[in-house]
Amino acid sequence: MSRLGRAFVLVILGLLLAPLVVVAGVSLNGTQSLRFPPVDPSLRWYGALWSNADWMAALGNSMLIAALAGVLAVAVALPLALHVWARDGVVARALQTLGVAPFMLPPVISALGFLVFWVSVGMYGQMTATVVSHAVFLVTLPLVTISLGLRGIDPALIEAARVMGAGRWTVLRTVVLPLIAPYMISGYAFVFVLSLNEYIIAYMVAGFTVETLPIRIFNSLRYGYTPIMGVVSVLFVAVALVVFGLIGRFGNLPRLLGAERARE
Amino acid sequence: MSAHRATPAWLALIPAAWLAVFFLIPFAIMLSVSVAHRVPGGFFEPGFEIDSYARLMTPFFGRILMTSVAVAAGAAAICVVLAFPFTVILAGMRARGQTLVLVVLLAVLSLSEVIIGFSLSTLLSRTAGVGNLLAWAGLIAEPRAYTPGLFALMLGLCYLGLPYAVLVLYPPVSRLDPELGEAARIMGASPLRVFWTVTVPVLRAPIAGAFVLVFVFTLGAYLLPQLLGRPRHWTLSVHITDQAIFQSNLPFAAAMAVVLLLVSLALVGVSLLLGRGGARA
């Protein structure tokens, strides 16, 4: 069973990685063709990406949106998580539900909601609209990670600080925030990576004026496939692997994803 | 539990106001748009009419809704069937191995639908990937493409949903008391028997929950049906975007989104009820 089980896990992981391997191979084609194994392997499409102004503009848009959406999402999730922590009541529960809901619904619904909202306030097509929409859509992720971090705090620490005469803000600044900082960072990282990859909301809210990388890939898919899309895909996979790899290396990923009971 | 309140109550007003303005109000506007009057060529003018909903009651859109539900339910079932044993084995691995697998899962989970669609259509294409490989191995005479079609679409949706299903099942599975299974083993049950008679029944509520979450998630897939499926496989999500962006019919798009929202909420409600029933049992 254990050997069979390991084989099962490896087969599934292999299936998940297969398309990515093929795409990485395709990105190495020397000619404008999608062959695998690559014909005439070269890195020319990697160079082509950097020298193509349109692709670089999309990359810049995506990075800026992801970076700002991450800041906004964490800024909203932090006070929400702190409020819900150690509070139990209708208001706290309603806030918690409101914070979790955006990520639980099919994104196309939120996307249409954002579209009609930004049309109504006259900001349709602006980058601010994309940033705020992403921050709202992804607020669930830092909310979950920060709440997890708060649940892991030993109440005795706070008790001790209180006894020593620290006020609410001092406790927050010197005890609570340093302890949950890793969870804020991982929450930020989740928002960053998912915003980078998000398509439907960015498209509905400002698809024709603010071109992000996923939108650019989809637009160019219509005119035929080129190895440069493979290059961009490799870039995305690399960013995700590096970010989550770092979290796994310096944090406790199983715990972050809810594996163990939080210490009580 | 500490009674410590880290922040004063008024601080909650900031996130509350933020989410009310940018999450609840958009939904309210969407509701009002769904009953608004469409102005051909423009956007819409306020009003109250049910024309958009009436249009949904035609056989054409009935078929689209049925297709969406059938495709998403099929994908969710496959995902959960694969993800559950996967998660059980994963949770039994050493911490280091678990972290590695989780990093891969998160990386795949975060991948854009565009990239999944592009990767899979490359994998299933004639010149690169499976068709080529099978021809090379002599299993088929000529390399052929396996996309677009229902098979490719289902594969794509499962690819999208599987990491999600594993991550939803991971907390309850890893918190399962290992002594339960050990007790059954001591009584002489085979590992497979333990799996079917102990692990699966104990976790049936999380399994149902994972099914519903993946179902709702794949129901919202927008790009994969276009990249990997044929037009008759287009789901409600594709039609919502099509109506909103290309047909400029926001009221109709909003009406479809409201229907999709109700279907999703109903399913989430059912899963919550199932979860509560499971906890009581």
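Residues numbered from 1 in each chain as written. Chains lettered and ligands numbered in written order. Predicted model: local features only at pLDDT ≥ 70, side-chain atom pairs only at ≥ 80, totals over all residues. Heavy atoms only, no water.

### Comments concerning the overall build of chain B
Part 1: The helix and strand tally for chain B stands at 13 helices and two strands.
Part 2: Residues counted as buried form 51% of the 281 residues belonging to chain B.
Part 3: A sequence separation of at least 24 residues applies to 68% of the contacts in chain B between residues at least 6 apart.
Part 4: A total of about 12,900 Å² of accessible surface is found on chain B, and carbon and sulfur atoms cover 69% of it. (Helix = DSSP H or I, 4+ residues; strand = E, 2+ residues; numbered from the N terminus. Buried < 20%, exposed > 50% of the residue type's maximum accessible area, 1.4 Å probe, protein only. Contact = heavy atoms within 4.5 Å. Areas by Shrake-Rupley, 256 points an atom, 1.4 Å probe, with all protein chains shown as cover.)

### Side note on the overall build of chain A
Part 1: What chain A contains, in helices and strands, is 13 helices and zero strands.
Part 2: For chain A, the N- to C-terminal ordering of α and β elements is α-α-α-α-α-α-α-α-α-α-α-α-α.
Part 3: Dimensions of chain A along its principal axes, counting C-alpha atoms only, are 70 × 60 × 30 Å.
Part 4: Relative to its 264 residues, chain A shows a buried fraction of 56%.

### What about the pattern of salt bridges?
Residue and element names in this part refer to chain A.
Part 1: The full count for this structure, using the stated rule, is one salt bridge over all chains.
Part 2: Arg 216 is the salt-bridge partner of Glu 211, the closest N and O atoms lying 3.4 Å from each other.
Part 3: The partly exposed category is assigned to Glu 211, whose relative accessible area is 22%. (Salt bridge = Lys/Arg side-chain N within 4 Å of Asp/Glu carboxyl O.)

### Here we look at the interface of chain B and chain A
Part 1: Taken together, the 85 residues of chain B in the interface contact 91 residues of chain A.
Part 2: Together, the buried faces of chain B and chain A total about 8,200 Å²; carbon and sulfur atoms form 81% of this surface.
Part 3: Here chain B and chain A share zero salt bridges between them.
Part 4: Top element by residues in the side of chain B that touches chain A is helix H1 (residues 13-34) of chain B. It accounts for 14 residues.
Part 5: Residues belonging to the side of chain B that touches chain A are distributed by class as follows: 64 nonpolar, 19 polar and two charged. (Buried area = accessible area lost by both parts, 1.4 Å probe. Nonpolar A, V, L, I, M, F, W, Y, C, P; charged D, E, K, R; others polar.)

### Description of the packing of aromatic side chains
Part 1: All chains considered together, the criterion is met by 19 aromatic pairs over all chains.
Part 2: Seen from their ring centres, B:Tyr164 and B:Phe217 are 4.2 Å apart, and the 15° between their planes marks the pair as stacked. Of this pair, B:Tyr164 sits in helix H7 (residues 150-175) while B:Phe217 sits in helix H10 (residues 204-219), and the two are 53 residues apart along the sequence.
Part 3: For B:Phe217, a relative accessible area of 22% corresponds to the partly exposed category.
Part 4: Centre to centre, the rings of B:Phe195 and B:Trp196 are 5.5 Å apart; their planes meet at 80°, and the pair counts as edge-to-face.
Part 5: The class for B:Trp196 is exposed, based on a relative accessible area of 57%.
Part 6: In this structure an aromatic cluster arises from ring pairing among A:Tyr199, A:Tyr203, A:Phe208, A:Phe218 and B:Tyr222.
Part 7: One Lys or Arg, A:Arg249, reaches over the ring of A:Phe250 and ends 5.2 Å from the middle of that ring.
Part 8: The lysine or arginine in question, B:Arg55, covers the ring of B:Phe252, its NZ or CZ lying 4.1 Å from the ring centre. (Phe/Tyr/Trp six-rings, centres within 6.5 Å; stacked < 30°, edge-to-face > 60°. Lys NZ or Arg CZ within 6 Å of the ring centre and 35° of its normal.)

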